[in-house]
Amino acid sequence: MPRSEEETAAMVKAAAKEIKAAPSLAVKKAMKLADFSPDSCNKASLQMRVRRLVPTKKERLGKVPPPKAVSTGSPASDVSSITHSDTSSSGPTNPAPKPRRQRRTAENVAKDNVEAKRMKIYTSEAHKRCTSLYAEEKAKPNGMSADQVRACVLKEYEAKCVPSAKTIKRYVDDGKAGISPKKKGRPSTNIQESTFLILCNAYESFVRINQINGTTTPREILAAKIKAVIGKTEICSFKLLDRIIKETALDFLASKSESVEQRRILWTSYNNLKMWFNSWCEAIEVLGFAERDEKGELFIPLEQLARILNIDETCLSMDGSSGARGGRPQVFFYDPRLPQVGRGVNKSGTTNTFITGSTAVGEAIPPHFQFQTKAQPDNMRIRTDMLQYFPKVMGKFGCAERREWQPSIGMNLKGGMDDDEFFKYLKVNIIPLYPDALDVKGKRVMIKIDSGPGRLNMDMIVYCRSLGFYLFPSVPNATSVSQETDRNYGPFKTAFRKNLSIVVEARIAQNLSTSIPPYMIGLIVFGRNKDPLSGVYVESCAYEAGFSVEQCLKAWGAVGAAPPTRACLNDKKVRREVGDADDDMNKFMLEIQQMNDHAVNHLNSLGYKGELLEATIKKVKQSQPLTVPQSKERMLALAEANSHGARFLVTGGHSITGDDALLAAEVPRWKSEIKELEDDKLKRQKLAETEAKGKEVLASGKSPEQLKVAQLDAILDMHHIEKKNRGKMSDKLKSVKEVWGKTPPAFSRWTDEEESQLKEKREMKITMKDTAFARYQDAEKHRVRASLWNMSEEDRCEVLREIARIESSKKLDDDGGGKPKSVDEPTKSVEMKHKHVFRVAQSALYWMSGVYYGCIVGREKINARRGQ
């Protein structure tokens, strides 16, 4: 029965009286003595009313310093009073300074919680070991005592974690052998322990699922959610959350969340990378870069690894006020009583593009610098003194032996890559690295690229394909995981910023300008030279720090494209989804989902709002490409795809120089031709229709004056007279009289042959012969035929010798192998050599010239040789 306010106030005063009588008495016990019910004793509001009526606990226990001296004797005495030392003094008059309390970071708190949880588990194991062993010994006739059990367990566990013999005996007598020790003190909340463990499971699974899905939940939101789950209870939200965090500390760490573009989170998924690797492995095997071993495993021979490379670009800024350089930040000592003005750096708004890469055998590609300029192409100039900072790069690539390669320079308005600049870069920088490149097995070159600007330039694609260079883009917006060069740029930029800092600090020390002009970028990138202004010597080479053989091989090994180990699938940045693979991670994710479902349902059944901690792991949407290779569907879908992402979804990753890409590039042209044919068909059918109507009017036998307006228009339509020039009926009659009896203009009627051509176009049966690649090859053949007439006899002989090698290789392929015969046998004369080459290359030369002997030495010389 509820009490009245007067009764409650009287009981509160009674509880306060009990506390004043016994200052060490706890508030809850005093309330119990004042006849409060157990539920009322736990109410914080009633407890606070009692506390307001009594002094604080420190005041109640009398922690007030007593007098320092006690005087004995009369005041008039000449003898000084006796002074006793105060042994119960609160402290010295000049106490030691107390250490300032430092606020720990979230990372440190999480680590401390982990260590505390580990120690708690260790202590619990020691406790259970003691009680279990004592229970077993107690059942024996002459078993060990509690002290003996404790001494035995001390050999296994540390003393501070082993309970006393009295505690061991008490737990066993209470029937709690093998049970974890009871938590000291009163319960921190009024939630049952079983419910609390379910809440911990809901929290654990909720946080894990959000992490898997690529979302984060701050501590404040978690605290609010947990408070809302429990409902209307007098529980501090952070207090309960902290208790849950400590309970689940072993499985979680705390840190600041890194800001990442949402599109990168969505694209960098296990499923996307797996599809890309499937397409990549298929491509390198079909194109002859990889082979199968005896076990059927794919591997890439060493000589082909040197023909697989990755290039990527980055932004280089001379601005020292922004951007991190990696590693631990430098520490500077300062006096807080003095001004803190900071460290001087330079400020620059100019940025340049830096593009380089490496091969799968660790060779760094000669770098290219793209500068900003407002000058027109004809007026662009560079400073010759900048070349002193650009050392040459050593590499073999596709050459017979290692040689030196010079870094290159480019300029445009924005200082970046576009269609023209990227095509120019490949022509000038990449293609010369492989002078032996051909579009045949063993001679091709594979270039891994990103999805940047200029990659879909059809002129570039056709040009590269004709020379045997295949461009293979990675997963869009996932370069941090799938691009080797992107991993090299980390240590490179760290060293770059260190070099920049060295030069700037030396200039500041000498009161010189901190502005570094673009032409000196080579000093910061390559180092090992002096700053012309301050004279400081830059020792470190940032390019070598990022693109040494060790760093390049490390980057290729981390990605796993060549050799094809697929290593980056295990990268921590790769987002996982349910169903993306049949592995341990998927099993773990299913367990997490089941834990969340069970915990939420259990909380709901207990009357709590468990649905607030409900979460679902995203399931994979597309596990396979939308189309299959060499299909009409893929060709049409690629033609509609207007971005790298859309192209990836269609193909699952493909070479942009492959057949499908070349066929898809023809679809817009074919659609344009189809529209032109349809418009032409409609126009000509309309002309035929108007002619038929006009002839019908003429066949009626009426004179022009007897014709109606519609009939006059039919005659004028038949003679192709525009409507805007016809005027009124009288004007139309006059015009009809002028053309009356004349033959209408002739036009070409739509034929069945043209209808068949239109139908064929609509079916989109595009072949490689219809592509830009085929047109480029035709133009190349024409140039070869034309150049033969301007060649010397020796040059023509060399062409024939090459044709003979090709024919011999093809013949061997058709026959199943063998060693080709040499066409370079020594002869005494050029004519004998020609005669030998002619016989070998006779069939191969026909396509080049059309007239076999006529294009080489002329008909007369051939006839003379035949006569001999």
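Only a predicted model underlies this, so the values are computations on that prediction, with no experimental measurement involved. Counting restarts for each chain: residues are numbered from 1 in the order of the written sequence. Local features in a predicted model are, by the rule used here, given only for residues with pLDDT of at least 70; side-chain atom pairs are given and counted only at 80 or more, and totals for whole chains, interfaces and linings are based on all residues. Neither water nor hydrogens contribute to the side-chain values; these are computed over all heavy atoms in the structure.

**Student:** What is the right way to look at the overall build of the protein chain in this model?
**Tutor:** The helix and strand inventory of the protein chain stands at 32 helices and twelve strands. Burial classes: relative accessible area under 20% of the type maximum marks a residue as buried, over 50% as exposed, and values in between as partly exposed (1.4 Å probe, protein chains only). Relative to its full complement of 868 residues, the protein chain shows a buried share of 39%. At a minimum sequence separation of 6, the contacts of the protein chain that also span at least 24 residues come to 70%. In the form shown here, the protein chain has an accessible surface area of approximately 52000 Å², with 53% of it arising from carbon and sulfur atoms. A helix here means a DSSP run of H or I that spans at least four residues, while a strand means a run of E at least two residues long, and both kinds are numbered starting from the N terminus. The contact criterion used is simple: two residues touch if any of their non-hydrogen atoms lie within 4.5 Å. All accessible-area figures derive from a Shrake-Rupley calculation using a 1.4 Å probe, and residue coverage is judged against the displayed protein chains alone.

**Student:** Would you explain unusual backbone geometry in this entry?
**Tutor:** Most peptide bonds take the trans form, and the phi angle of most residues other than glycine is negative. Omega for the bond connecting Ala562 with Pro563 falls within 30 degrees of zero, at -5 degrees, which places this linkage in the cis form. Topologically, Pro563 is positioned in the loop between helix H21 (549–559) and helix H22 (584–605). A positive phi angle, close to 55 degrees, is found at Phe397, a residue other than glycine. Note that Phe397 resides in the loop between strand S6 (393–395) and strand S7 (403–405). Positive phi, normally seen in glycine, also occurs at Asn511, with a value near 55 degrees.

**Student:** So what exactly am I meant to see when it comes to the packing of helix H1 (residues 5–21) against helix H4 (residues 44–52) here?
**Tutor:** Any two packed helices are characterised by how steeply their axes cross, that is the angle between the axes, and by the distance between the axes. Only the stretch in contact is used when fitting a helix axis, every axis being a line fitted to C-alpha atoms; angles between N-to-C directions are given from 0 to 180 degrees. Running from N to C, H1 and H4 point in directions that differ by 55 degrees, and their axes come no closer than 9 Å. Judged on the interaxial angle alone, H4 and H1 are oblique. As for the relative orientation of H1 and H4, their crossing is right-handed in sense. Here Glu5, Thr8, Ala9, Val12, Ala15, Ala16 and Ile19 of H1 lie close against H4, whose contacting residues are Leu46, Arg49 and Val50. Broken down by class, the residue content of the contact of H1 with H4 amounts to seven nonpolar, one polar and two charged. With respect to orientation, any angle under 35 degrees is reported as roughly parallel, any angle over 145 as roughly antiparallel, any angle of 65 to 115 as roughly perpendicular, and every other angle as oblique. Here a crossing is taken to be left-handed if its near helix is turned anticlockwise relative to the far helix by less than a right angle, and right-handed if that turn runs clockwise. Gly falls in the polar group here, along with every residue not listed as nonpolar (Ala, Val, Leu, Ile, Met, Phe, Trp, Tyr, Cys, Pro) or charged (Asp, Glu, Lys, Arg).

**Student:** What exactly am I supposed to notice about the pairing of strand S3 (residues 308–317) here?
**Tutor:** It is a general feature of regular strands that their side chains alternate between the two faces of the sheet. For S3, the buried fraction is high: eight of the ten residues fall into the buried class. The pairing of S3 with strand S9 (residues 445–449) spans three bridges and is parallel. The partner of Leu309 across the bridge, within S9, is Ile447. The criterion for strand pairing is that DSSP finds at least two bridges linking the strands in question. Relative to strand S4 (residues 351–359), S3 runs antiparallel, the two being bridged by nine bridges. If you follow Leu316 over to S4, its bridge partner there is Asn352.

**Student:** Any chance you could explain the pairing of strand S8 (residues 408–412) here in plain terms?
**Tutor:** For S8, the tally of buried residues reaches four of five residues, placing the bulk of the element in the interior. By the bridge criterion, five bridges tie strand S5 (residues 368–372) to S8 in an arrangement that is parallel. The residue bridging His368 from the neighbouring strand is Ser408, located in S8.

**Student:** Where do I start with the side chain of Ser631 in this structure?
**Tutor:** The residue Ser631 is located in the loop between H22 and helix H23 (632–640) in this model. Classification of Ser631 as buried rests on a relative accessible area of 13%. Reaching out from Ser631, the side chain makes a polar contact with the backbone nitrogen of Arg634 at a distance of 3.2 Å. Residues adjacent in sequence count toward polar contacts only when both atoms are side-chain atoms; beyond that, a polar contact is any pair of N or O atoms within 3.5 Å, and within protein one must be able to donate a hydrogen and the other to accept it.

**Student:** Looking at this structure, how should I read the confidence of the model for the protein chain?
**Tutor:** The predicted coordinates of low-pLDDT regions are not to be read in fine detail. Here the protein chain averages 85 in pLDDT, and 87% of its residues register 70 or above. Confidence of the predictor at the level of single residues is given by pLDDT, which spans 0 to 100. Note on residues 66–89: pLDDT under 50 across the span, and 14 contacts to partners over four residues away in sequence or across chains. Of the regions scoring below 50 in pLDDT, residues 843–859 engages in 37 contacts with residues more than four places distant in sequence or in other chains.

**Student:** What should I look at first to understand the sheet that holds S8 in this one?
**Tutor:** Across the sheet, which stays open at both edges, the six strands sit in the order S8-S5-S4-S3-S9-S10 with mixed pairing between neighbours. The strands lining the two open edges of the sheet, one partner per strand, are S8 and strand S10 (469–473). Going across the sheet, the axis of each strand differs from the next one's by a mean of 25 degrees, ignoring polarity. Against the sheet, helix H15 (residues 419–430) touches S3, S4, S5, S8, S9 and S10, its axis set at about 120 degrees to S3.

**Student:** Is there a simple way to think about the environment of Phe648 in this case?
**Tutor:** Checked against the element boundaries, Phe648 lands in helix H24 (residues 644–651). Between the C-alpha atoms of Phe648 and Ser474, which are 174 residues apart in sequence, the distance is 8.9 Å. Setting aside chain neighbours within four positions, we find Phe648 in contact with Trp267, Asn272, Met275, Trp276, Val475, Pro476 and Gly653.

**Student:** Which parts of the structure should I look at to understand the pattern of salt bridges?
**Tutor:** Two side chains that carry opposite charge are able to pair once their charged atoms sit near each other. Between Lys or Arg on one side and Asp or Glu on the other, a salt bridge is scored when a side-chain nitrogen of the former is within 4 Å of a carboxyl oxygen of the latter. Summed over the entire model, instances satisfying the criterion amount to 56 salt bridges. Linking Asp439 and Arg465 is a salt bridge whose minimum nitrogen-to-oxygen distance equals 3.5 Å. Taken together, the positions of Asp439 in the loop between H15 and S9 and Arg465 in helix H16 (residues 458–467) put the pair 26 residues apart, joining distant regions of the chain. The exposure class of Asp439 is partly exposed, given its relative accessible area of 25%. Take Arg465: its relative accessible area is 8%, and that puts it in the buried class. Between Asp531 and Arg507 there is a salt bridge; the shortest N-O distance is 2.9 Å. Residue Asp531 is found in the loop between strand S11 (529–530) and strand S12 (537–538), and its partner Arg507 is found in helix H18 (residues 484–509); the two are separated by 24 residues along the sequence. For the residue pair Asp531 and Arg507, the accessibility class agrees, reading buried in each case.

**Student:** Would you explain the packing of helix H25 (residues 659–699) against helix H26 (residues 709–718) in this entry?
**Tutor:** As a packed pair, H25 and H26 sit with axes 8 Å apart at the nearest point and diverge in direction by 125 degrees. Considered as vectors, H25 and H26 are oriented oblique to each other. Crossing angle aside, the handedness with which H25 passes H26 is left-handed. Counting all contacts with H25, which are made through Thr690, Glu691, Lys693, Gly694, Lys695, Val697 and Leu698, the residues of H26 involved are Gln711, Ala714, Ile715, Asp717 and Met718. Taken together, the residues of the contact of H25 with H26 sort by class into five nonpolar, three polar and four charged.

**Student:** I would appreciate a short explanation of a positive patch on the surface in the present structure.
**Tutor:** Judged by side-chain charge, Lys166, Arg170, Lys176 and Lys182 come together as a positively charged surface patch. Following the sequence through the fold, Lys166 ends up in helix H8 (residues 165–173). Judged by its relative accessible area of 71%, Lys166 falls in the exposed class. Put simply, a patch holds well-exposed residues, over 30% relative accessible area, that have no salt bridge, with like charges counted together within 9 Å and Val, Leu, Ile, Met, Phe, Trp or Tyr side chains within 5 Å. All tallies of charge rest on Lys and Arg as positive and Asp and Glu as negative; His and the ends of each chain are not included. We put the charge of a Lys on NZ, of an Arg on CZ, of an Asp on CG and of a Glu on CD.

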